[in-house]
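Working through the structure, step by step
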Amino acid sequence: MSRILEINIFRYNPEDPASVPRMQTYYLEETPNLNLFIALNRLKEEQDPSLMFDFCCRAAICGACAMVINGKPQLACKTKTKDFPNQINLMPLPGFKLIGDLCVDTGSWFRIMNEKLEAWVHTNKEFDPEAEEERMENSLAEQIYELDRCIECGCCIAACATAQMRSGFLGAVALNRIARFILDPRDKRSEQQYFEIIGTDQGIFGCMGLLACEDICPKNIPLQDQLGYLRKKMGVLAVKNYLFWKKRS
Amino acid sequence: MRATNVRKINFSNTVAYLDLSQAITGIFLCLFMLTHTLLVFSIIFGEKCFNKVALFFESTGLAWSSGIFLTIIFLFHFLLTARKIPFSFTEQAKFWSQAKMINHQDTWLWLVQVLTGIVILLFGSIHIWVILNDLPITALKSKHLMQKGGWVYFYVLFLFSVAFHLGLGLYRIGVKWGFITSQNRLKSKKYLFILVGTLIMIDSISLLFFYF
Amino acid sequence: MEIIYSDLLCIGAGLAGERVAIEVAQNGFKVVCLSLVPARRSHSSAAQGGMQAALGNCIKGEGDNPDIHFEDTVKGSDWGCDQEVAKLFAHTAPIAIRQLAYWGVPWNRVVSGRSFYYKGGKRFEKIERIEKHGLITARDFGGTAKWRACYCSDGTGHSLLYTIDSVAISKGVLVHDRSEAISLIQDGENCLGAVVRCLRTGKLRVYLAKATLIATGGFGRIYRASTNAIINEGGGLIIALETGLVPLGNMEAVQFHPTGIVPGDILVTEGCRGDGGVLLDINKYRFMPDYEPEKAELASRDVVARRMVEHMRKGFGVKSPYGEHLWLDIRHLGKEHITTKLREVYDICLNFLGINPVEELIPVRPTQHYSMGGIKTNVYGEAYGLKGLFAAGEAACWDMHGFNRLGGNSLAETIVAGMIVGKRIVEFLQEREVNFSLKLVELELKKQQEKINKLIFGKGRENVYKVRNAMQDILMDYVGIFRNEKDLQLAVDNLQELLERSKQIKLRSNGLGANSELSLALKIEGMVKLALCVAYGALQRKESRGAHTREDYPYRNDRDWWVRTLAYFKEKDSLPTLEYEPATKKIFLPPGKRGYGGTKIVPYDYPKDAPLPEL
């Protein structure tokens, strides 16, 4: 006998004057290997076509379907119902603007973040189409890739009490992104330039070390170690700045 | 794209210094607490021994000077950490609902750290006031104090707060500054909890000696 | 009426769209990209294994050059491609890849010295040259003479997309995400922009631009089981087709990837086989060498997929509640390799199948994967039929893939086409003068608004999901890997009927805001039209070429069918109008044997009136 799942979904459509924020309960018979991608689509197609939620790649690669599942921000597509009790509560990710039901506007948030960080390779070199590529150690390329794997799903922001309390806080996703560029020798920004971006209370010094980001990251990116590395690096730089300033004056 | 095109904005190192100072004062206070625990523990070797230790600090003037010095560090540490404490109601509400939502150990433990910090601020001030106003420290005075009214409850709560705040604080410093890595996080946490336990045990023994 | 003006309107912000946008923006033009999802969630990010470019850095790629890449591509296409395009592509790919390296893509690099690799389950040794140490390396992929697929672990598409988007941001390219173009604005000769539905609020907006690019990727979601993201419903193709002026090329050329997982239909990369993984049947027997002695698992995708189905039809498939499948075995590659170079595969297996590929076999079967067909363009990406309309990437039929795309050539196409089409758009914009007729705009906007009103308040009775499911079932059942007259005719008949039903949709929800029932309802008619282009094109093409396999016409008939199908859809029609053009104007490599697949060929100089050879 398969279970009947009780799925409670946050409902609110800001574009519908008749809509009020509420929790709505749906019932669904569990089938083998059921995940939330299939479950939510079945609910939409069979019970309530007005349901709003985001999926895209449904293979845990694109980061579109992050939502709060029984209290934990996670990717819905790779969440199997069999790992949950009969009751499953779904909420939109906190910390992002709500579009409707389980949809939030992560796109604008991350675009602004990337603009703020200037999250691209800064270099004075021109690209020479005739020239061989610059060499790089494979191990370094792999290290960069390790941090480059972030899919900007927003789970770390939704999980972080600091980010929820202080809306300007950059969060683990941004700090990890900067760590990726610091590693990359093609980005010619100086340590000082990185410091100007993240050496603040909105940046690395705002992090309170709660580590929910580390524990929740669906791609298992080593966020804790990046945060520790950045704080140390930026702290040392500040001390250096102090000594240098002392010497100069 | 050019590195030279990056806007130069006004930046300051202040935040970095504040954050560093928070960690350094924290570590300093931890070291002090560990020493303090050991010194008080001398009671188990008898009142004479305890008094000798106390006398040493009295006669060299260390009791006064370090008392004042520590008070300053103590308050400074509070001011630094206060930058992170949610004082506004909105912030508190957000933190609370977030902690409830994700039900995540390290997030809860941060709350414990804040609450114990506030307890320490209050009780610590009282403790320092009481002790420094009644120098020199002797075993007898301490015993009288302990056996009077609710002071024993005061000290039990104080002791637990200090121990937890110390353990969690060290953990947090380790994590934030990259000394505790994802590799050794669980182990570090375990060791720090053992430290907390040991502290509580040692201080409880001292308390018992004063109480009876 | 909200109107947004720009020089270039990019519909789609995946790799192709953004690469074009970068080219145009850095020449000082204003570019706005539309995207259904945030740019970085585009389906380009799901490309795993690699990007083909003849760098020849690694020892197994030594001696490689763009001409060999060109030949592989033409053979892979089963001579269906435009050879001028394929040549231009192969020669530009190395530059594209180096530019990506310059922009920050963390390509895996050559490590000099001795190392091991696997082929067909056996271990071999190779020694990388010291003078190539640190240059971009490559892995083996199907249908290639050399190791040529440059990669970043198996998240190549992800790293490319993040890098390209970062460059786009730095160049000031605007991305209006959660926006869907629902029709093109055109005056019969010129494309002037698009009517767009905001997927945040549901409101309609008008985008007017001197040039419009369609780069919306594939249309795999007209099939029920597809490796494609759920956004790949062919939106860009639909709005082009519905003008009645712009033809879609080779829509019958649909690629099935050999290794989609069962269940779930999620792709595991060709890199699995490239790195030495093998296919096994129910008896754990490695069957591919029996069919393809030369290339085995690394023949082109159409061939491997066909052989797999052939083998399952002989009764060697593994039965499961989700249908028959075969096994992919990568266990011998070892834990370290799998958790680093095939990390996404590892995660996918754990997350979606609950199996550990280091110790267990992966259940796979051929699954719809790629659309070789698309908006037909010339070599510069200019769409047929409308001035100012361009297309690039999977949405386009540029046509370098012909009837079968080689693994790793799609990522390469997005970037290379982006560079070439981008350049042409810049030239175009420098001379382009347009007058936007507001009357035309209002007319189109009104038409779309009425369409929406009809869906919400009209008298229709059809349920949009039922219509879509019926369409998907028809394609799955009758327009799969092996095709024949009877099935295809059935498909066409049923789809024609479905087309009528798709005009009678009525929403069950209120359609307000970011309503997704309305999104689907707005394009379901177009999706059925795409399905008809596929099925009808397949029915009419009486030969077997690449991924188009006719059981009743097993020959590749170069005499009669060395052509490209062009499908138009006129407004009131229930069938596409098919025209044909030569597959390639320039011939650098005359039709011949591919070296795998064992197709029988009717040569292009076969006597005109002679009957076809006996089967």
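Predicted model, so just to flag it, every value in this text is computed and none were measured.

**Describing the overall build of chain B**
Secondary structure summary: chain B contains 8 helices and 0 strands in total. Taken from the N to the C terminus, the helices and strands of chain B come in the order α-α-α-α-α-α-α-α. Evaluated residue by residue, chain B yields a buried proportion of 44% over its 212 residues. Of the contacts formed within chain B by residues at least 6 apart in sequence, a portion of 79% connects residues at least 24 apart. Side chains of chain B give 18 positive and 7 negative charges; the mean places of these two sets differ by 13 Å.

**Regarding the overall build of chain C**
Within chain C, the regular secondary structure consists of 16 helices and 24 strands. Expected size for 615 residues packed as a compact globule is a radius of gyration near 25 Å; at 23 Å, chain C falls within 12% of this value. Overall, the C-alpha framework of chain C stretches about 70 × 55 × 55 Å when taken along its three principal axes. The 615 residues of chain C split such that 68% are buried.

**Let's talk about the sheet that holds strand S4 (residues 72–75) of chain A**
Residue and element names in this part refer to chain A. Read across the sheet, 5 strands follow the order S2-S1-S5-S3-S4 without closing on themselves; strand pairing throughout is mixed. Of all strands in the sheet, those bounded by a partner on one side alone are strand S2 (22–29) and S4. In this sheet, neighbouring strand axes are inclined to one another by 35° on average, regardless of whether the strands run parallel or antiparallel. As paired strands, strand S1 (residues 4–11) and S2 are joined by 8 bridges and run antiparallel to one another. Bridged to Glu-6 within S2 is Tyr-27.

**Quick look at the nonpolar core**
Ile-9, Leu-40 and Leu-90 of chain A together with Ile-330 and Ile-362 of chain C are the most contacted members of the largest nonpolar core, which totals 124 residues. Looking at this core element by element, the count peaks at 8 residues for helix H6 (residues 171–183) of chain A. When residues are assigned to domains, this core turns out to be shared by domain 1 (4–103) and domain 2 (118–248) of chain A, each giving three or more. Aside from chain neighbours lying at most four places away, what touches Ile-330 of chain C is Cys-272, Gly-277, Ile-338, Leu-342, Val-345, Pro-357 and Ile-362 of chain C.

**A word on the pairing of strand S4 (residues 113–119) of chain C**
Sheet faces and side chains relate simply in a regular strand, where the side chains alternate between the two faces. Residues and elements named next belong to chain C. Note: S4 against strand S5 (residues 122–128), 7 bridges, orientation antiparallel. Bridged to Arg-114 within S5 is Ile-127. The antiparallel pairing of S4 with S5 creates a hairpin that spans 2 residues between the two strands, and Gly-120 there sits at a positive phi of about 55°.

**Points about the interface of chain C and chain A**
Taken together, the contact pairs 78 residues of chain C with 72 residues of chain A. Of the roughly 5,900 Å² buried where chain C meets chain A, counting both sides, 49% is carbon and sulfur surface. For Lys-203 of chain C, the salt bridge goes to Glu-15 of chain A, with nearest N and O atoms at 3.4 Å. Between the two partners, chain C and chain A, sit 48 residue pairs in polar contact (both at pLDDT 80 or more). Contributing elements (two or more residues each) for the side of chain C that touches chain A: helix H3 (83–103), helix H4 (156–170), strand S7 (174–177), helix H10 (343–353), helix H13 (464–478) and helix H15 (516–540) of chain C. Class assignment of the residues belonging to the side of chain C that touches chain A gives a composition of 33 nonpolar, 26 polar and 19 charged.

**Section: the packing of aromatic side chains**
The full count for this structure, using the stated rule, is 28 aromatic pairs over all chains. Relative to Phe-256 of chain C, the ring of Tyr-223 of chain C has its centre 5.8 Å away and its plane inclined at 90°; by these criteria the two rings are edge-to-face. Linking Tyr-223 of chain C in the loop between strand S10 (204–214) and helix H5 (235–241) with Phe-256 of chain C in strand S12 (residues 254–261), this pair joins segments that are 33 residues apart in sequence. The burial state of Tyr-223 of chain C is the same as that of Phe-256 of chain C; both residues are buried. Aromatic side chains Phe-287 of chain C and Tyr-291 of chain C sit 6.3 Å apart centroid to centroid with 85° between the ring planes, which places their arrangement in the edge-to-face category. Relative accessible area serves as the criterion here: at 0%, Phe-287 of chain C is assigned to the buried category. By relative accessible area, Tyr-291 of chain C is classed as buried at 15%. An aromatic cluster is built from Phe-123, Trp-151, Phe-154, Tyr-155 and Phe-158 of chain B, whose rings are joined through pairwise contacts. The side chain of Arg-180 of chain A reaches across the aromatic face of Phe-181 of chain A, ending 4.6 Å from its centre. Just above the ring of Tyr-380 of chain C sits the side chain of Arg-424 of chain C; from NZ or CZ to the centre is 4.0 Å.

**Re the side chain of Arg-306 of chain C**
Residues and elements named next belong to chain C. Looking at the element boundaries, Arg-306 is found in helix H8 (residues 301–316). Here Arg-306 is buried and forms no salt bridge, its nearest opposite-charge partner Asp-302 lying at an N-O distance of 4.0 Å. Ignoring anything within four residues of it in the chain, the contact list for Arg-306 reads Ile-481, Phe-482, Gly-546, Thr-549 and Arg-594.

**A word on the pattern of salt bridges**
Using the criterion set out here, one finds 75 salt bridges over all chains in the structure. Glu-132 of chain A serves as the salt-bridge partner of Arg-135 of chain A, at 3.3 Å between the closest nitrogen and oxygen. A relative accessible area of 46% places Glu-132 of chain A in the partly exposed class. Two residues, Asp-187 of chain A and Arg-189 of chain A, come together in a salt bridge whose shortest N-O distance is 3.0 Å. The two residues Asp-187 of chain A and Arg-189 of chain A agree in class, both being buried. It is possible to trace a salt-bridge network through shared partners that takes in Asp-78, Glu-252, Asp-302, Arg-541, Glu-543, Arg-545, Arg-556, Asp-558 and Arg-594 of chain C.

Basis of the calculations
Residues numbered from 1 in each chain as written. Chains lettered and ligands numbered in written order. Predicted model: local features only at pLDDT ≥ 70, side-chain atom pairs only at ≥ 80, totals over all residues. Heavy atoms only, no water. Helix = DSSP H or I, 4+ residues; strand = E, 2+ residues; numbered from the N terminus. Buried < 20%, exposed > 50% of the residue type's maximum accessible area, 1.4 Å probe, protein only. Contact = heavy atoms within 4.5 Å. Lys, Arg positive; Asp, Glu negative; His and termini not counted. Charge placed at Lys NZ, Arg CZ, Asp CG, Glu CD. Rg over C-alpha atoms; globule rule 2.2 N^0.38 Å. Pairing = 2+ DSSP bridges. Axes fitted to C-alpha atoms, helices over the stretch in contact; angles between N-to-C directions. Core = buried A, V, L, I, M, F, W, Y, C linked by side-chain atoms within 4.5 Å. Domains from an automatic or database assignment. Buried area = accessible area lost by both parts, 1.4 Å probe. Salt bridge = Lys/Arg side-chain N within 4 Å of Asp/Glu carboxyl O. Polar contact = N/O pair within 3.5 Å; in protein donor to acceptor, adjacent residues only side chain to side chain. Nonpolar A, V, L, I, M, F, W, Y, C, P; charged D, E, K, R; others polar. Phe/Tyr/Trp six-rings, centres within 6.5 Å; stacked < 30°, edge-to-face > 60°. Lys NZ or Arg CZ within 6 Å of the ring centre and 35° of its normal.

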